[in-house]
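# Working through the structure, step by step
Read off the chains here:
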Amino acid sequence: MRLLTHNMLSSNIKGVTNGFPLRIEVEKVVEKEVEINHDFLRNIFPKIDWKAFSDASRIMGYVELPEEAPEPSVLESDLEFLRKFHHALLELHLEEGALVCPETGRKFPVNKGIPNMLLHEDEV
Amino acid sequence: MKLKQLECLLGHLQQFSNPKVELEQYPTGPHIASRLLYTAENSFDDISNKVVADFGCGCGTLGAAAALLGAEQVIGIDIDSQSLGIASMNAENLELDIDFVQCDISNLGWRGQIVDTVVMNPPFGTRKKGADIDFLFVALKVASEAVYSLHKTSTRDLRFDVPQLYKFHKKKEVDIAVDLWRFVPKRSRGENS
């Protein structure tokens, strides 16, 4: 599971008001290189919840991202930043671990890169 | 990529070994999958460089097709771990980068509209009534640009071959007529475009 996907997933347990972002518990992170697409990064940047994303990247072991979202103009010219953004968003995979509901503490296991978000009967 | 080439690649994907009747599991054939994605990309520009989600991905055919046509990021969502296992393997065999999530669509917790396009071949609602509508409802909340979906109703050119997977199919192969729909979600009020 990449951090792009993590930036969209939230806990939908009954009674939870804000299930985003899910906390990450890491057991195994894998890095897989993919080709960078600058235009894609520029388009997706405003849609990303930056705090959730940069916090998550730190937990995954990558400390290069700034805590505050940069000005969009940075993406126009700063190739180094784009490379870091790309790396954290698309090249880091949580292979084994868990995603944790921020309100209930309920753990959704991640195995072979696939988070299991199935709810129990009493959580629906 | 040419349509024929896409159809050929999709034809090599592994499909359900033990399809579950109650989930209405059946493969999306390469013929229909290739044409669905080809239309989405060539007529509407909805696939390449976009974030695409495959709802009820099963063995991942539609998601794989999206990735082959240049989607920047593909996410496949399904309730069944066996299907997801096959889908992961299919993606790996074609060297495609697809994220998979195991989830019941009706309970999906999803933030915002990062996803551009949703492609899906949802359950028709023959086992669990209204299943196709559930899928549509969630898809329209998630997609920011378009939802492509196959639904059973009228007779059109697109026909869907269902080989005899389940015991109660009397004929050897049953053609089910399906329509391909393209839905465009309404923007919610007050949202900045």
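Chain B is annotated in an unreviewed UniProt entry as Methyltransferase-like protein 5 from Durio zibethinus.

Taking an unreviewed UniProt entry as the reference, chain A is identified by name as Multifunctional methyltransferase subunit TRM112-like protein At1g22270 belonging to Durio zibethinus. Of chain A, the UniProt comment under Subunit (unreviewed entry) reads exactly: "Interacts with TRM9." According to UniProt, the comment filed for chain A under the heading Sequence similarities (unreviewed entry) is "Belongs to the TRM112 family."

### Details of the environment of P122 of chain B
Residue and element names in this part refer to chain B. Checked against the element boundaries, P122 lands in the loop between β4 (117-120) and α5 (131-142). On the basis of relative accessible area, P122 is assigned to the buried category, the value being 0%. As a C-alpha pair, P122 and F183 span 61 residues in sequence and 14 Å in three-dimensional space. Setting aside residues up to four positions removed in sequence, P122 forms contacts with Y26, D132, F135, S149, L150 and H151.

### Re the confidence of the model for chain B
Residue and element names in this part refer to chain B. Model confidence for chain B is summarised by a mean pLDDT of 85, while 83% of its residues fall at 70 or above. Below pLDDT 50 for its whole length, residues 154-159 participates in 14 contacts with residues either more than four positions away or in separate chains. Per-residue pLDDT stays below 50 along residues 163-172; that stretch engages in 21 contacts with residues further than four places along the chain or on separate chains.

### A few points about the interface of chain A and chain B
Between chain A and chain B, the residue contacts involve 28 residues of the former and 26 residues of the latter. Here chain A meets chain B over a buried area of about 2,300 Å², counting both sides, of which 56% is carbon and sulfur. Counting the surface chain A buries against chain B, the share from its top three residues, M8, K47 and I114 of chain A, is 27%. For K47 of chain A, the salt bridge identified is with D116 of chain B, shortest N-O distance 3.4 Å. Split by residue class, the side of chain A that touches chain B holds 16 nonpolar, eight polar and four charged.

### Some words on unusual backbone geometry
Excluding glycine, residues mostly have negative phi values, and the peptide bonds linking residues are mostly trans. Of note, the bond from F20 of chain A into P21 of chain A is cis; its omega dihedral lies within 30 degrees of zero at -5°. Position of P21 of chain A relative to the elements: it lies in the loop between α1 (3-6) and β1 (23-31). With a phi angle near 50°, K112 of chain A is a residue other than glycine that sits in the positive phi range. By secondary structure assignment, the location of K112 of chain A is in the loop between β3 (107-111) and β4 (114-115). Backbone geometry at E95 of chain B places phi at a positive 55°, although glycine is not the residue there. Position of E95 of chain B relative to the elements: it lies in the loop between α4 (81-93) and β3 (98-102). E95 of chain B sits in the exposed class, given a relative accessible area of 74%.

### Some words on the layout of surface pockets
There is about 540 Å³ of room inside the largest pocket. As for the largest pocket, its lining consists of 32 residues, of which L23, G56, I79, P123 and F135 of chain B are closest to the centre. When residues of the lining of the largest pocket are traced back to their parent elements, those giving at least two are α3 (61-68), β2 (73-78) and α5 of chain B. Considering each element in turn, the lining of the largest pocket owes the most residues, three residues, to α5 of chain B. Considering the residues around the second largest pocket, the lining is formed by 17 residues, among which K32 and K112 of chain A together with S88, E92 and I98 of chain B are closest to the centre. The set of elements that each furnish at least two residues to the lining of the second largest pocket consists of β2 (92-100) of chain A together with α4 and β3 of chain B. Of the residues belonging to the lining of the second largest pocket, the class tally is six nonpolar, three polar and eight charged.

### Overview of the environment of S17 of chain B
All names here are of chain B. By the element assignment, S17 lies in the loop between α1 (3-11) and α2 (30-42). Looking at S17, the relative accessible area reads 56%, which means it is exposed. For the pair S17 and Q82, spaced 65 residues apart in sequence, the C-alpha separation works out to 9.2 Å.

### Observations regarding the side chain of Q102 of chain B
Along the chain, Q102 of chain B falls in strand β3. Take Q102 of chain B: its relative accessible area is 9%, and that puts it in the buried class. Here the side chain of Q102 of chain B touches N116 of chain A through a polar contact of 3.5 Å, side chain to side chain. Ignoring anything within four residues of it in the chain, the contact list for Q102 of chain B reads I114, P115, N116, M117 and L118 of chain A together with D78, I79, D80, S81 and L84 of chain B.

### Description of the packing of aromatic side chains
A complete count under the given rule lists 10 aromatic pairs over all chains for this structure. Measuring from centroid to centroid gives 5.7 Å for W50 of chain A and F85 of chain A, while their planes differ by 50°, and the two rings are tilted. Taken together, the residues span a long stretch of sequence, with W50 of chain A in helix α3 (residues 50-59) and F85 of chain A in helix α5 (residues 79-91) at a distance of 35 residues. Like W50 of chain A, the residue F85 of chain A is buried in the burial classification. Ring geometry for F81 of chain A versus F85 of chain A: centroids 6.1 Å apart, planes at 20°, classification stacked. Of this pair, F81 of chain A and F85 of chain A both sit in helix α5, separated by four residues, roughly a single helical turn. Taken individually, F81 of chain A and F85 of chain A each receive the classification buried, so the pair is uniform in this respect. Through a chain of ring-to-ring contacts, three or more aromatic side chains come together here, namely F45, W50, F53, F81 and F85 of chain A. In this structure, R111 of chain B is placed above the aromatic ring of F20 of chain A, and the distance from its NZ or CZ to the ring centre is 4.8 Å.

Rules behind the numbers
- Residues numbered from 1 in each chain as written.
- Chains lettered and ligands numbered in written order.
- Predicted model: local features only at pLDDT ≥ 70, side-chain atom pairs only at ≥ 80, totals over all residues.
- Heavy atoms only, no water.
- UniProt positions renumbered as here; feature names shortened; annotations may be inferred.
- Helix = DSSP H or I, 4+ residues; strand = E, 2+ residues; numbered from the N terminus.
- Buried < 20%, exposed > 50% of the residue type's maximum accessible area, 1.4 Å probe, protein only.
- Contact = heavy atoms within 4.5 Å.
- pLDDT = per-residue confidence, 0-100.
- Buried area = accessible area lost by both parts, 1.4 Å probe.
- Salt bridge = Lys/Arg side-chain N within 4 Å of Asp/Glu carboxyl O.
- Nonpolar A, V, L, I, M, F, W, Y, C, P; charged D, E, K, R; others polar.
- 1 Å grid on protein atoms, 1.4 Å probe; cavity = no way out; pocket = protein on both sides within 12 Å on 5 of 7 lines; lining within 4 Å.
- Points joined across faces, edges and corners; volume = space filled by probe spheres on them.
- Polar contact = N/O pair within 3.5 Å; in protein donor to acceptor, adjacent residues only side chain to side chain.
- Phe/Tyr/Trp six-rings, centres within 6.5 Å; stacked < 30°, edge-to-face > 60°.
- Lys NZ or Arg CZ within 6 Å of the ring centre and 35° of its normal.

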